[in-house]
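Chain residues, written in single-letter form:
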Amino acid sequence: MNNIQFDNNRRLKHFISIEGLKRDFLLKILKVAQSFISSQDHKIRKVPLLRGKTVINLFFEPSTRTRTTFEIAAKRLSADVINFNINASSSSKGESLTDMLHNLEAMHCDMFVVRHASSGAAHFFAEHVSPDTHIVNAGDGCHEHPTQAMLDVLTIQQHKGDFAPLRVAIVGDILHSRVARSLIHALSTLGVMEIRAVGPKTLLPNNLENLGAHPYHNLHEGIRDVDVIVMLRLQRERMSSALLPSEHEYFQQFGMTQSLLEEAHPDAIVMHPGPINRGVEMTSSVADCPRSVILQQVSNGIAVRMAVMAIAMGVPLSVPEY
Ligand code: NCD
């Protein structure tokens, strides 16, 4: 799956998955992303790195944060960006995906940012585009969401510094979560001490130990002494059958409250990729509390996506090579 991400000179060409990427490479993305965030005012300035390049956002699923931050990131890099409207496109007239792709390529597009409900969609696109076109995965089914994982680990790094001593709990619907899969790969590659996957049996995959995460079915135990808590949404649109009695019951067992937070490390941060369902995975008071870094994750999405797009397009960057 990963070979397709690199060209013959071992340069990143497509960004499809975290699985298989090396630690130094993840650290390089973090370093480039951090370099885009100005140290004085935490704002991101416009740079001419992708001037003359065209990026097309190809989102077959709804998105607020991911689509918008990809667009802002491309604009900050001075690329021309097109948000392709799938619903108003010829795909509704029966045009095949590959035909649609080749037609868009004929318009001299350099990069497609792809979100699709099918696992493997971004890989499929990478296999079918011409050699000079780049694909970035913005979430494929239940498989991976690699830029989300990178913005999550950047946020963790900004708060915690070193990854090695950390305990991280990922809570909720891990079975259907591309965010969780990518994040578990990233955290284990970066060498965090402990990754816990916390949720009801029906929402945890059975290969967790192979991924490097330990399953917990009790929230109290799962978050005890952890440094980072990542809450996930119940992804009903990806559930093929009723895996939960009710949202109310789920909240009783796995919803995060202020009093539960006391069981984590006193400096623990709370994260969520969004969109949040307040009162289902966490209370509003947790979502808005000082330990919540949820909006910082959103902001970091811009710098991380700039880094990934710049690296994939092969522009020279003034950070040390690994
Ligand atoms: C996630 C996604 O779409 O995978 N959201 C996001 O990209 N910020 C998580 C979700 O939908 O729950």
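Let me begin by describing the structure that accompanies this report.

**Overview of the layout of surface pockets**
Turning to step 1, where the next piece is worked out: As a volume, the second largest pocket reaches approximately 360 Å³.
Turning to step 2, where the next piece is worked out: Along the walls of the second largest pocket sit 21 residues, with Arg115, Arg178, Arg233, Gly274 and Pro275 positioned nearest its centre.
Turning to step 3, where the next piece is worked out: Elements that contribute at least two residues to the lining of the second largest pocket include exactly α2 (65-76) and α6 (178-189).
Turning to step 4, where the next piece is worked out: Split into classes, the residues belonging to the lining of the second largest pocket amount to five nonpolar, nine polar and seven charged.
Turning to step 5, where the next piece is worked out: Formed jointly, the lining of the second largest pocket draws a minimum of three residues from each of two domains, domain 1 (2-144 + 299-313) and domain 2 (146-297).

**Re helix α5 (residues 146-160)**
Turning to step 1, where the next piece is worked out: The first and last C-alpha atoms of α5 sit 21 Å apart over 15 residues, in line with the 21 Å expected at 1.5 Å per residue.
Turning to step 2, where the next piece is worked out: Taken residue by residue, α5 has Pro146, Thr147, Gln148, Ala149, Met150, Leu151, Asp152, Val153, Leu154, Thr155 and Ile156 as its buried positions.
Turning to step 3, where the next piece is worked out: After α5 finishes, the residue Gly161 shows a positive phi value of roughly 75 degrees.

**With respect to the packing of helix α1 (residues 23-36) against helix α12 (residues 294-312)**
Turning to step 1, where the next piece is worked out: The interhelical angle for the contact between α1 and α12, taken along N-to-C directions, is 120 degrees, at an axis separation of 8 Å. At the point where α1 passes α12, the crossing takes the right-handed sense. Along its contact with α1, which presents Phe25, Lys28, Ile29, Val32, Ala33 and Phe36, the element α12 presents Ala303, Val304, Met306, Ala307, Val308 and Ile311.
Turning to step 2, where the next piece is worked out: Residue classes in the contact of α1 with α12 are distributed as 11 nonpolar, no polar and one charged.

Cut-offs and rules
- Residues numbered from 1 in each chain as written.
- Predicted model: local features only at pLDDT ≥ 70, side-chain atom pairs only at ≥ 80, totals over all residues.
- Heavy atoms only, no water.
- 1 Å grid on protein atoms, 1.4 Å probe; cavity = no way out; pocket = protein on both sides within 12 Å on 5 of 7 lines; lining within 4 Å.
- Points joined across faces, edges and corners; volume = space filled by probe spheres on them.
- Helix = DSSP H or I, 4+ residues; strand = E, 2+ residues; numbered from the N terminus.
- Nonpolar A, V, L, I, M, F, W, Y, C, P; charged D, E, K, R; others polar.
- Domains from an automatic or database assignment.
- Expected span 1.5 Å × (residues − 1).
- Buried < 20%, exposed > 50% of the residue type's maximum accessible area, 1.4 Å probe, protein only.
- Axes fitted to C-alpha atoms, helices over the stretch in contact; angles between N-to-C directions.
- Left-handed = near helix turned anticlockwise from the far one by under 90°.
- Contact = heavy atoms within 4.5 Å.

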